[in-house]
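Given next are the chains, with one letter for each unit.
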Amino acid sequence: DYLIREHKVREKSIGLIGMSMGAAIALQVAARDKRIRAVWAESPFSSLEQISAEYIADATWLPQSMLKPVTW
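What you see is a predicted model; the values in this text were computed from it and never measured.

> Describe the pairing of strand S2 (residues 36-42), naming the residues involved and giving the relevant values.
Side chains on a regular strand alternate between the two faces of the sheet. Pairing of strand S1 (residues 14-19) with S2 involves six bridges; the strand directions are parallel. Paired with Leu16 across the bridge in S2 is Val39.

> Tell me about a nonpolar patch on the surface, and please be specific about residues and values.
A grouping of Met21, Ile25 and Val29 is seen on the molecular surface, where their side chains present a nonpolar patch of about 240 Å² in accessible area. Along the polypeptide, Met21 turns up in helix H2 (residues 21-32). On the basis of relative accessible area, Met21 is assigned to the partly exposed category, the value being 44%.

> Can you tell me about the pattern of salt bridges, naming the residues and giving the values?
Applying the stated criterion across every chain yields a total of three salt bridges. One salt bridge connects Arg35 with Asp33, and the closest N-O pair in it is separated by 2.9 Å. Put simply, Asp1, Asp33 and Arg35 are held in one network by salt bridges that share partners.

How each quantity is defined
Residues numbered from 1 in each chain as written. Predicted model: local features only at pLDDT ≥ 70, side-chain atom pairs only at ≥ 80, totals over all residues. Heavy atoms only, no water. Pairing = 2+ DSSP bridges. Helix = DSSP H or I, 4+ residues; strand = E, 2+ residues; numbered from the N terminus. Patch = residues over 30% accessible without salt bridge, like charges linked within 9 Å, V, L, I, M, F, W, Y side chains within 5 Å. Areas by Shrake-Rupley, 256 points an atom, 1.4 Å probe, with all protein chains shown as cover. Salt bridge = Lys/Arg side-chain N within 4 Å of Asp/Glu carboxyl O. Buried < 20%, exposed > 50% of the residue type's maximum accessible area, 1.4 Å probe, protein only.

And the structure:
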């Protein structure tokens, strides 16, 4: 909306670029917003559950097996 309103970008000229978490978000946004015409997604993760467990395990030093019920 910002690009269209403030910068007068044509709706059919919008694309997204994302890496890792940004790539996953770009794909989710493009799936919902028909104005997104192209996505360049570099290294998106395939499982939010898995990436969440890995991140929390790294941050807390707890084993992923203990975190499984929390990250599900």
